[in-house]
Amino acid sequence: QVQLVESGGGLVQAGGSLRLSCAASGSVFSINAMGWYRQAPGTQRERVAIITSGGSTNYADSVKGRFTISRDNAKNTVYLQMNSLKPEDTAVYYCNAAVRFSPATPWYGYWGQGTQVTVSS
């Protein structure tokens, strides 16, 4: 099994910054794409940013230019640097990873438990 453990959430004023981390642990053969998603109360979970094992990135339009996703493949860890935060960024942020346990197994998606980010105006 795989565990994704997020950290770094909290309360910040508008215009401030936070850095989220997500570390994958367990007996994995490889990890493909890793990403961050968020869900505000009463809304659907939305993708914020993803990064492939090769470092290609994709961002939601709402966070382009403010958020930066990165990863450390040696540590199986993905980061989300969030700058110029806005109240509308308030949500629970979830980490996601596509994991394979051997070259012959399919890719499985795993989610972290979520970390709360609250931006006050």
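For clarity, every value in this text was computed on a predicted model and none was experimentally measured.

The rules behind each value
Residues numbered from 1 in each chain as written. Predicted model: local features only at pLDDT ≥ 70, side-chain atom pairs only at ≥ 80, totals over all residues. Heavy atoms only, no water. Buried < 20%, exposed > 50% of the residue type's maximum accessible area, 1.4 Å probe, protein only. Helix = DSSP H or I, 4+ residues; strand = E, 2+ residues; numbered from the N terminus. Pairing = 2+ DSSP bridges. Disulfide = S-S within 2.5 Å. Core = buried A, V, L, I, M, F, W, Y, C linked by side-chain atoms within 4.5 Å. Contact = heavy atoms within 4.5 Å.

**A look at the pairing of strand β8 (residues 77–82)**
Link 1 in the chain: Along β8, five of the six residues are buried, which leaves the element largely enclosed by surrounding structure.
Link 2 in the chain: Summarising the sheet, strand β3 (residues 18–26) and β8 pair through six bridges and their orientation is antiparallel. If you follow S21 over to β8, its bridge partner there is Y79.
Link 3 in the chain: Counted along the chain from strand β7 (residues 67–72) to the antiparallel partner β8, the turn is four residues long, and its residue N76 has a positive phi close to 50°.

**Regarding the state of the cysteines**
One way to say it: the disulfide is the covalent bond shared by the sulfur atoms of two cysteines.
Link 1 in the chain: Counted according to the given criterion, the structure contains one disulfide.
Link 2 in the chain: Residue pairing for C22: its cysteine sulfur links by disulfide to C95, the two sulfurs lying 2.1 Å apart. On the sign convention where negative means left-handed, the S-S torsion of about -80° between C22 and C95 marks this disulfide as left-handed. Of this pair, C22 sits in strand β3 while C95 sits in strand β9 (residues 91–100), and the two are 73 residues apart along the sequence.

**Topic: the nonpolar core**
Link 1 in the chain: Judged by nonpolar contacts, the single largest core of 30 residues is most densely connected at W36, L80, M82 and Y93.
Link 2 in the chain: Looking at this core element by element, the count peaks at five residues for β9.
Link 3 in the chain: If we ignore the near neighbours within four places in the chain, the residues touching Y93 are E6, L20, W36, Y37, R38, V48, F67, L80, M82, G114, T115 and V117.

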